[in-house]
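# Structural overview for review
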Amino acid sequence: MNRISLISLAAMAMLSACTLREPEPFGPVPTEAQLAWQRMEINMFCHFGPNTFTGAEWGSGMEAEDVFHPTGLDCRQWVDVARQAGMGGIILTAKHHDGFCLWPSAFSTHTVADTLDVLRAFVDACRAGGVKPGVYISPWDRNHPSYGTDEYNDVFDNTLREVHGTYGPLFEQWFDGACGEGPNGKKQHYDWPRFMQTVNELNPQCVVFSDIGPGCRWVGNEEGHCGDPCWSTLNTEGATPSDNKPAPTELETGHKGGASWVPAEVDVSIRPGWFWHPQEHPKSVDQLMEIYFNSVGRNGLLLLNVPPDTNGRISAEDSAVLVAFRTERDRIFAHDLAQGAKAHALHRRGHGAKQVLDTAYHTYWAATSRNAELTLELDSATEFDIIVLQEYIPLGQRITSVNLLLDRDGGLYSYSLGDEPLCTTVGYKRIIRLDHPVRWRQLVFQFEGMAPPVINRIALYNSKAQ
Ligand code: FUL
């Protein structure tokens, strides 16, 4: 073998070693707990407390304790409904702004009786039913006499220790952003670093929600949608959950290239209010589907509030809609029409393009350049109107734009009319609804990213199929 062939063999060997190397993460990436959380996709929120009985949304904190008297408390029923609806976690308002604790706390006199520990019944039912329990504990407390003084920070820290120490592990801690006056007319300066440290110390896997995270962030509205784009990255330096935080519109979109991984959680109620009120009714399946596409379908996690009624059960009306919502999702996403297609890409990094078609989470196609194309060839022309893309977020959120070219009469045409790409950000999951069903055999996806795209799933569906 001559010298030139030896050199070229060595070069080829180096090149293939290079192509096979795993891609490096780009920018901030989720922790294991954040990834597991994001993969839950839809969770249930339960607002339950004195307001359920008084008709209020924000209780004054002056309600008599025996106002709260569920006649047939059945947390197992909440868990059954959540499971039937395809929700893997439930977050209970263990303490709302009225300060009433749904467990017999040692740090408040405004609580349930020892004999009616709702939080205990709730976490036990969740664990027995294979659903993860989480808690909402409002820092704003309209009842506690020490609210508005330094002492309240001790009280609140003790409350967190009590809940996480006695009832944990809890998958999510919800810190509400609302902060008003206490019964003494004073506003509290919260010791956020201390509260975060306490949860982390007692429960390191707990994803902590606040307006700015650190585990996940408020999406900036209570209407059930993420922004477009929706980045899971956010700049939070100098901000606290109460002060100097990004504006709600920034929380909707996140920050492209932001310094921390703080994915969006979309909290919205199935009913007009957060608490159950007899005169209110749940949203329709169509409204819930719209919310699903605009939250889970735009890289958010949907936290859907389903408030138990005065019996302490989820009403038949709400559970019927939830089951129908699940049935509709199952119907639309039953058959991935891309299964069995051929996938190829010029720019790849050891991991073949066909990995976008398998359903294993940790397999992916990794491109070698920031602009990369992937082609799907279906067996025959197939009708679809929904495209699902998933970026492999353990390596970061990279994609800034996706275009789609479709074959027609022997030529390739851009699906998008005008200058708009098919979508901008992808993130954990992006569900794209086409204006009308198309019938095509070959699809060419053109990706652009801040770093070479890494995609773990592409799927196609026909929402009109029965
Ligand atoms: C808000 C609260 O003020 C509402 O009562 C509700 O709990 C909602 C989820 O968050 O900030």
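All of these numbers come straight from a predicted model, not from anything done at the bench.

### Digging into the overall build of the protein
Within the protein one finds ten helices and 17 strands. Summarising its shape, the C-alpha atoms of the protein cover approximately 90 × 50 × 40 Å along the three principal directions. Expressed as a percentage of its 466 residues, the buried residues of the protein come to 56%. The long-range fraction of contacts in the protein, counting pairs at least 24 apart against all pairs at least 6 apart in sequence, stands at 77%.

### So, helix 6 (residues 150–167)
Here helix 6 spans 26 Å end to end across 18 residues, near enough to the 26 Å set by a 1.5 Å rise per residue. Along helix 6, the residues classified as buried are Tyr152, Asn153, Val155, Phe156, Asp157, Thr159, Leu160, Glu162, Val163, His164 and Tyr167. Against strand 2 (89–95), helix 5 (118–129), strand 3 (132–137), strand 4 (172–174) and helix 7 (192–202) lie the buried residues of helix 6.

### Topic: the site of the ligand
Near the ligand, the surroundings consist of Phe45, His47, Trp58, His96, His97, Tyr136, Trp174, Asp176, Ala178, Glu222, Asp267 and Trp274. In the environment of the ligand, an oxygen atom lies 2.7 Å from a nitrogen or oxygen atom belonging to the side chain of Asp176. When the free accessible area of the ligand is taken as 290 Å², the share hidden by the protein chains comes to 90%.

### Quick look at the sheet that holds strand 10 (residues 300–305)
Taken in spatial order, the eight strands line up as 1-2-3-4-5-6-9-10 and close into a barrel, and their pairing is parallel. Across the sheet, the mean angle separating the axes of adjacent strands is 25 degrees when strand polarity is ignored. Relative to strand 2, strand 1 (residues 42–46) runs parallel, the two being bridged by three bridges. The residue of strand 2 that forms the bridge with Phe45 is Ile91. Helix 5 contacts strand 2 and strand 3 of the sheet and is inclined by roughly 150 degrees relative to strand 3.

### What about the domain arrangement of the protein?
Note: interface size is frequently given as the accessible area lost on complex formation between the parts. When the domains of the protein are assigned, the result is domain 1 (32–332) and domain 2 (342–461). If you average the C-alpha positions of domain 1 and of domain 2, the two centres end up 35 Å apart. Counting from both sides, the interface comprises 22 residues of domain 1 and, opposite them, 20 residues of domain 2. Of the roughly 1800 Å² buried between domain 1 and domain 2, counting both surfaces, carbon and sulfur atoms make up 60%. A salt bridge links Glu290 to Arg433; the nearest nitrogen and oxygen atoms lie 3.2 Å apart. The interface formed by domain 1 and domain 2 contains eleven residue pairs in polar contact (both at pLDDT 80 or more). Of all the elements, helix 9 (residues 285–295) adds the most residues to the side of domain 1 that touches domain 2, at four residues.

### Structural notes on helix 10 (residues 316–332)
If you check helix 10, its first and last C-alpha atoms are 24 Å apart, about what 17 residues at 1.5 Å a residue would give, namely 24 Å. Of the residues making up helix 10, those classed as buried are Asp318, Ser319, Val321, Leu322, Phe325, Arg329 and Ile332. Buried residues of helix 10, seen end-on, are gathered within an arc of 160 degrees and therefore sit on one face of the element. Taken together, the buried residues of helix 10 touch strand 1, helix 4 (75–84), helix 9, strand 10, strand 13 (371–391) and strand 17 (454–461).

### Overview of the confidence of the model for the protein
For any part of a model where pLDDT is low, the fine detail of the predicted coordinates should not be relied upon. Averaged over every residue, the pLDDT of the protein is 93; the share at 70 or more is 93%. Every residue in residues 6–18 is under pLDDT 50, and counting partners more than four places away or in other chains gives three contacts.

### Concerning the state of the cysteines
The tally for this structure, following the rule as stated, stands at zero disulfides. Between Cys46, a cysteine without a disulfide, and Cys126, which holds the nearest cysteine sulfur, the sulfur-to-sulfur distance is 8.4 Å. Residue Cys46 is classed as buried on the basis of its relative accessible area of 0%. Among the cysteines around Cys206, which has no disulfide bond, Cys216 carries the closest sulfur, lying 9.3 Å off.

### Some points on empty space enclosed by the protein
Taken as a whole, this structure holds one cavity of 30 Å³ or more when the rule is applied. Approximately 50 Å³ is the volume attributed to the largest cavity. Along the walls of the largest cavity sit Lys95, Gly99, Cys101, Ser105, Phe107, Ser108, Asp141, His144, Tyr152, Val155, Phe156 and Thr159, which together make up its complete lining. Element by element, the count of residues in the lining of the largest cavity is highest for helix 6, at four residues. Here the residues of the lining of the largest cavity are counted per class, giving five nonpolar, five polar and two charged.

### As for the environment of Tyr167
Relative to the helices and strands, Tyr167 is located in helix 6. As for Tyr167 and Pro133, which are separated by 34 residues in sequence, their C-alpha atoms are 9.3 Å apart. Setting aside chain neighbours within four positions, we find Tyr167 in contact with Trp103, Pro104, Asp117, Leu119, Arg120, Val123, Arg127 and Glu162.

### Description of the side chain of Ser463
Looking at the secondary structure, you find Ser463 in the segment after strand 17. Within the local environment of Ser463, its side chain forms a polar contact with the side chain of Asp385, the two groups lying 2.7 Å apart. One polar contact links Ser463 to Lys464, side chain to side chain, over a distance of 3.4 Å. Apart from residues no more than four positions distant in its own chain, Ser463 is found in contact with Arg331, Ile332, Asp385 and Ile386.

### A short note on the packing of helix 4 against helix 5
Where helix 4 contacts helix 5, the two axes come as close as 8 Å, and the packing angle between them is 40 degrees. Classed by the angle they form, the pair helix 4 and helix 5 counts as oblique. Handedness of the crossing formed by helix 4 with helix 5: right-handed. Residue-level inspection shows Cys75, Arg76, Trp78, Val79 and Arg83 of helix 4 in contact with helix 5, the latter providing Val118, Ala121, Phe122, Ala125, Cys126 and Gly129. Looking at the contact of helix 4 with helix 5, its residues break down into eight nonpolar, one polar and two charged.

What counts, and at which threshold
Residues numbered from 1 in each chain as written. Predicted model: local features only at pLDDT ≥ 70, side-chain atom pairs only at ≥ 80, totals over all residues. Heavy atoms only, no water. Helix = DSSP H or I, 4+ residues; strand = E, 2+ residues; numbered from the N terminus. Buried < 20%, exposed > 50% of the residue type's maximum accessible area, 1.4 Å probe, protein only. Contact = heavy atoms within 4.5 Å. Expected span 1.5 Å × (residues − 1). Near = heavy atom within 4 Å. Polar contact = N/O pair within 3.5 Å; in protein donor to acceptor, adjacent residues only side chain to side chain. Areas by Shrake-Rupley, 256 points an atom, 1.4 Å probe, with all protein chains shown as cover. Pairing = 2+ DSSP bridges. Axes fitted to C-alpha atoms, helices over the stretch in contact; angles between N-to-C directions. Domains from an automatic or database assignment. Buried area = accessible area lost by both parts, 1.4 Å probe. Salt bridge = Lys/Arg side-chain N within 4 Å of Asp/Glu carboxyl O. Arc of directions from axis to C-beta. pLDDT = per-residue confidence, 0-100. Disulfide = S-S within 2.5 Å. 1 Å grid on protein atoms, 1.4 Å probe; cavity = no way out; pocket = protein on both sides within 12 Å on 5 of 7 lines; lining within 4 Å. Points joined across faces, edges and corners; volume = space filled by probe spheres on them. Nonpolar A, V, L, I, M, F, W, Y, C, P; charged D, E, K, R; others polar. Parallel < 35°, antiparallel > 145°, perpendicular 65-115°, else oblique. Left-handed = near helix turned anticlockwise from the far one by under 90°.

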